[in-house]
Amino acid sequence: RNSRKYHEYKRIVLERDRFQCVLCKSSDYYLELDHYPIGFSELLKRHSITSQDQAYSCEELWKIENGRTLCQPCHEKTDNFPKQLMGTRSKILYR
């Protein structure tokens, strides 16, 4: 998630969603990218991705239609959010 390709993907999704959470419409929280409706881990499993090179070449992983902008509180409430990551992510405010 520190790659140029990921940051470009995230920028496009954030711009499309007008830099606000698609669920609560807030722009007052830290914004994150959520792979939806097909979750990130599901995509990795579905395509047997085990390396960055494989991830970069997987077109489905980078589909803009499968990304959405969520604020941290809404993201943590999603069913596919890894609960072990709650409160551990870096907090970057995108505006």
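Worth saying up front: this structure is predicted, and the values here are computed from it rather than measured. (Residues numbered from 1 in each chain as written. Predicted model: local features only at pLDDT ≥ 70, side-chain atom pairs only at ≥ 80, totals over all residues. Heavy atoms only, no water.)

Undergrad: Can you walk me through the pattern of salt bridges in this structure?
TA: For side chains bearing opposite charge, pairing can occur when the charged atoms are close. Tallying each qualifying case throughout the model produces six salt bridges. Of the charged contacts in the structure, one is a salt bridge between Arg 46 and Glu 60, with a shortest N-O distance of 3.3 Å. Here Arg 46, found in helix 2 (residues 40–46), pairs with Glu 60, found in the loop between helix 3 (52–57) and strand 2 (67–71); they are 14 residues apart in sequence, far enough to count as distant. Linked by salt bridges that have partners in common, Glu 8, Arg 11 and Glu 15 make up one network. (Salt bridge = Lys/Arg side-chain N within 4 Å of Asp/Glu carboxyl O. Helix = DSSP H or I, 4+ residues; strand = E, 2+ residues; numbered from the N terminus.)

Undergrad: Sorry if this is basic, but what is going on with the pairing of strand 1 (residues 31–35) here?
TA: For a regular strand, side-chain orientation follows a simple rule: the groups alternate between the two sheet faces. Across the five residues that make up strand 1, a large majority, five, are buried. Where strand 1 meets strand 2, five bridges bridge the pair, whose relative direction is antiparallel. Bridge assignment links Leu 31 to a residue of strand 2, and that residue is Cys 71. (Buried < 20%, exposed > 50% of the residue type's maximum accessible area, 1.4 Å probe, protein only. Pairing = 2+ DSSP bridges.)

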